[in-house]
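Residues per chain, in single letters:
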Amino acid sequence: MRAWAGVAAGLAAASLGVAVAELLAAVTRPAAGPLIAVGGAVIDATPTAVKEFAVRELGTNDKPFLLGVIGLVVAALAAVTGAVGRRRRLVAVAGPALLGLAGAGAALSRPAFQPYDVVPSLTGAALAGVVLWLLLRSRPSGVRVDRRVFLQAAALVAASGGAVALRGLAGGAPGRARESVRLPAAADPGPPVPAGLLTSNKDFYRVDTALTVPRIDLGDWSLRVHGMLGRELRVTFEDLLAMPLIERPVTMNCVSNEVGGPYMGTAKWLGVPLAPLLRSLGIRAGAEQVVARSVEGMTIGTPVATLLDGRDAMLAIGMNGEPLPLEHGFPVRMLTPGVYGYAGSCKWLSSLELTTFDQFDPYWVSRGWAAQAPVKTGSRVDRPRPFARLDAGVVTVAGVAWAQRRGIEAVEVRIDDGEWAPAELLPAPSVDTWVQWRYSWRATAGPHSIAVRATDRTGAVQAQERATPFPSGATGWHTISVTVS
Ligand SMILES: Nc1nc2c(c(=O)[nH]1)N[C@H]1C(S)=C(S)[C@@H](COP(=O)(O)O)O[C@H]1N2
Ligand SMILES: [Mo]
């Protein structure tokens, strides 16, 4: 047998094995599929600096990219196994076996694993081993190789494998549970929201470590509230719908956002206020943090003092008048105004535990990010775009500024090395949302820089010195360059 035939046999057997494993996982537990499990293990093992780099360079494409890389690695290993396996049958058996063990091991390393999570990977690997064996001995020795028949068989196996894998990765019935939800009106609807202030759900940034969006069946879901409390509570989605709801416009920020970056947005959130709920359960003395856990294993810790200081922290079930989109945490997420998302806004919530700081380090804190994570005062130029080419004359410079909990007192704009000039602030509904600002600039021909800085209502001016997002959020004045002619 030629080398190319060995490569084709290896690829075909591997794609069939992966496909069957993903399909089995789709009906047992999608997170146990080999691609998702290995991807999740890679994400958790990736150093923070690399994760930050991936978020910065790839944005929401970081997950398809990772899956693609894993696919390529598996394909390369499968090709080598096929080519070498022609002569050394031990390799043809050992290759699939090792890949299967890697998939099973990754599945076992995932949060909330079950022993049966090894089944998809091991079954897929066994099948791949058998198919590879058969393909490699498909030519009786001495008979001329029938290229066409072999290629057709390999192509068929590969194509069916690819189709089944896609089906498995796509998961179960998409969003039917969500479509059945009718949100009640808020008992306390909050302040009116000026037009143009909100980010649409479709445009709202997404940052998380979930390789596939969890699809939660409302029938299976409940939230457990436990730990240092007088009594424990378990509530269903129906229970939450029956409680008095609040609706609040709140701006959310990702701590990974660079100065001028896109990872922030403002939505109107509907939910159950958290402080009265916790108080009604009897918070025991010494409880310091609430650890939120999600169905896929994220842990996010928020200080108890933060949640009880009067801000509208909530168990959010609605976003801009709709049930939470799947990507933003359906059916229920935490939302803590004024705290970066990694420290207050766990999506796909499954439990809340009251504990101490010593007892538990949440996911990002154990990776070196700050345990206390108030959003820093900031501002951004949205118009004109960086490196825009403009006509001389009056140009409207515009953007947003934020200082959740404190509120924005003033925004100033500076052209080149000129004086700081006050921008006009548009009305904002509360201290927990960004403020839109604009400034009329008489632009003259030539290259120019435009800088912005905000002052919050404590009188503090936004920090000028550049800080990286790690470990507690970026600082610095957003400055863009434009050319006027
Ligand atoms: N379950 C879960 N919740 C999570 C995360 C996550 O990775 N998993 N990421 C957090 C981070 S870092 C941010 S900034 C916000 C982003 O919320 P969004 O994707 O709805 O904008 O969700 C937070 N909640
Ligand atoms: Mo984040």
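Every value quoted in this text rests on a predicted model; they were computed, and no experiment measured them.

Draft legend 1. Structural context of the domain arrangement of the chain. According to the domain assignment, the chain consists of domain 1 (3-171), domain 2 (201-367) and domain 3 (378-484). For domain 1 versus domain 2, the distance between C-alpha centres works out to 36 Å. Across the contact, 17 residues belong to domain 1 and 14 residues belong to domain 2. Of the roughly 1400 Å² buried between domain 1 and domain 2, counting both surfaces, carbon and sulfur atoms make up 58%.

Draft legend 2. Region of the structure containing the site of ligand 1. Taken together, the neighbourhood of ligand 1 is formed by 20 residues, with Tyr205, Thr209, His328, Arg333 and Lys347 sitting nearest. Here Glu296 contributes a side-chain N or O atom positioned 3.2 Å from a nitrogen atom of ligand 1. Between ligand 1 and Ser345 there is a distance of 2.9 Å, counted from a nitrogen atom to a backbone nitrogen or oxygen. Across the complex, the protein chains shield 98% of the 540 Å² of accessible surface that ligand 1 would expose by itself. Its residues placed into classes, the shell around ligand 1 shows ten nonpolar, five polar and five charged.

Draft legend 3. Representation of the UniProt feature "domain: Oxidoreductase molybdopterin-binding" (unreviewed entry) in the chain in the model. Per the UniProt entry, the sites bearing "domain: Oxidoreductase molybdopterin-binding" (unreviewed entry) are residues 211-359 in this numbering. Between the end C-alpha atoms of residues 211-359 the distance is 28 Å, and the span holds 11% helix and 38% strand.

Draft legend 4. The side chain of Thr266, seen in detail. In this structure, Thr266 sits in strand β4 (residues 264-273). Polar side-chain contacts of Thr266 include one of 2.6 Å to the side chain of Thr251. If sequence neighbours within four positions are ignored, Thr266 has contacts with Leu197, Leu198, Thr199, Phe204, Val250, Thr251, Thr433 and Trp434.

Draft legend 5. Summary view of the UniProt feature "transmembrane region" (unreviewed entry) in the chain. Feature annotation in UniProt places "transmembrane region" (unreviewed entry) on residues 65-84, 91-112, 118-136 and 148-170, given in this structure's numbering. Helix makes up 100% of residues 65-84 and strand 0%, with an end-to-end C-alpha separation of 29 Å. Annotated as residues 118-136, this span is 100% helix and 0% strand, and its ends, taken at the C-alpha atoms, are 27 Å apart.

Draft legend 6. Broad picture of a nonpolar patch on the surface. Taken together, the side chains of Phe65, Val69, Val73, Leu77 and Leu99 make up a nonpolar region of the molecular surface, amounting to roughly 410 Å² of accessible area. Of all the elements, helix α4 (residues 62-85) adds the most residues to the nonpolar patch, at four residues. Relative to the elements of secondary structure, Phe65 occurs in helix α4.

Draft legend 7. Main features of the pattern of salt bridges. This model, assessed by the stated rule, comprises 14 salt bridges. A salt bridge links Asp188 to Arg248; the nearest nitrogen and oxygen atoms lie 2.7 Å apart. Remark: Arg248 occurs in strand β3 (residues 246-253) and Asp188 occurs in the loop between α8 (176-179) and β1 (222-227); sequence separation between them is 60 residues. Taking the shortest distance from any N to any O, the salt bridge between Arg453 and Glu412 comes out at 2.8 Å.

Draft legend 8. Examining the sheet that holds strand β10 (residues 349-355) more closely. Across the sheet, which stays open at both edges, the five strands sit in the order β2-β1-β10-β5-β6 with mixed pairing between neighbours. Of all strands in the sheet, those bounded by a partner on one side alone are β2 (233-236) and β6 (299-303). Here the average twist between neighbouring strands, direction ignored, is 15 degrees. With six bridges joining them, strand β5 (residues 289-294) and β10 adopt antiparallel strand pairing.

Draft legend 9. Focus on the state of the cysteines. In total, this model carries zero disulfides according to the counting rule given. No disulfide involves Cys346; its sulfur sits 14 Å from the nearest other cysteine sulfur, which is in Cys254.

Draft legend 10. Spotlight on helix α2 (residues 34-45). Under the 1.5 Å per step criterion, the end-to-end length of α2 is 16 Å for twelve residues, consistent within 8% with the ideal 16 Å. Buried within α2 we find Pro34, Leu35, Ile36, Ala37, Gly39, Gly40 and Ile43.

Draft legend 11. Quick peek at the packing of aromatic side chains. Under the defined criterion, the tally for this structure stands at ten aromatic pairs. Summarising the aromatic geometry, the rings of Phe237 and Phe330 are spaced 6.4 Å apart at their centres and angled 50 degrees between planes, so their arrangement reads as tilted. Highlighted residues: Phe237 in helix α9 (residues 237-241) and Phe330 in the loop between β8 (322-323) and β9 (333-335), separated in sequence by 93 residues. Both residues of the pair, Phe237 and Phe330, count as buried. One aromatic cluster in this structure is built from Tyr342, Tyr363, Trp364, Trp369 and Phe470.

Draft legend 12. Examining unusual backbone geometry more closely. Cis geometry marks the peptide bond from Arg383 to Pro384, where omega comes out at -10 degrees. Along the polypeptide, Pro384 turns up in the loop between β11 (378-383) and β12 (389-390). In this structure, Pro471 follows Phe470 across a cis peptide bond, with omega equal to 5 degrees. Positive phi is not limited to glycine here, since Trp348 has a value of about 50 degrees. A relative accessible area of 1% means that Trp348 is categorised as buried. Phi is positive for Phe387, which is not a glycine, with a value near 65 degrees. By the secondary structure assignment, Phe387 is in the loop between β11 and β12.

Draft legend 13. Main features of the nonpolar core. Counting 80 residues, the largest nonpolar core has Trp269, Leu274, Leu315, Tyr342, Leu349 and Leu352 as the members making the most contacts within it. If sequence neighbours within four positions are ignored, Leu352 has contacts with Leu223, Arg224, Val225, His226, Leu274, Val290, Val291, Ala292, Leu315 and Met334. Among the nonpolar cores identified, the runner-up in size contains 24 residues, and Trp437, Trp441, Ile450 and Ala454 belong to it.

Rules behind the numbers
- Residues numbered from 1 in each chain as written.
- Chains lettered and ligands numbered in written order.
- Predicted model: local features only at pLDDT ≥ 70, side-chain atom pairs only at ≥ 80, totals over all residues.
- Heavy atoms only, no water.
- Domains from an automatic or database assignment.
- Contact = heavy atoms within 4.5 Å.
- Buried area = accessible area lost by both parts, 1.4 Å probe.
- Near = heavy atom within 4 Å.
- Polar contact = N/O pair within 3.5 Å; in protein donor to acceptor, adjacent residues only side chain to side chain.
- Areas by Shrake-Rupley, 256 points an atom, 1.4 Å probe, with all protein chains shown as cover.
- Nonpolar A, V, L, I, M, F, W, Y, C, P; charged D, E, K, R; others polar.
- UniProt positions renumbered as here; feature names shortened; annotations may be inferred.
- Helix = DSSP H or I, 4+ residues; strand = E, 2+ residues; numbered from the N terminus.
- Patch = residues over 30% accessible without salt bridge, like charges linked within 9 Å, V, L, I, M, F, W, Y side chains within 5 Å.
- Salt bridge = Lys/Arg side-chain N within 4 Å of Asp/Glu carboxyl O.
- Pairing = 2+ DSSP bridges.
- Axes fitted to C-alpha atoms, helices over the stretch in contact; angles between N-to-C directions.
- Disulfide = S-S within 2.5 Å.
- Expected span 1.5 Å × (residues − 1).
- Buried < 20%, exposed > 50% of the residue type's maximum accessible area, 1.4 Å probe, protein only.
- Phe/Tyr/Trp six-rings, centres within 6.5 Å; stacked < 30°, edge-to-face > 60°.
- Core = buried A, V, L, I, M, F, W, Y, C linked by side-chain atoms within 4.5 Å.

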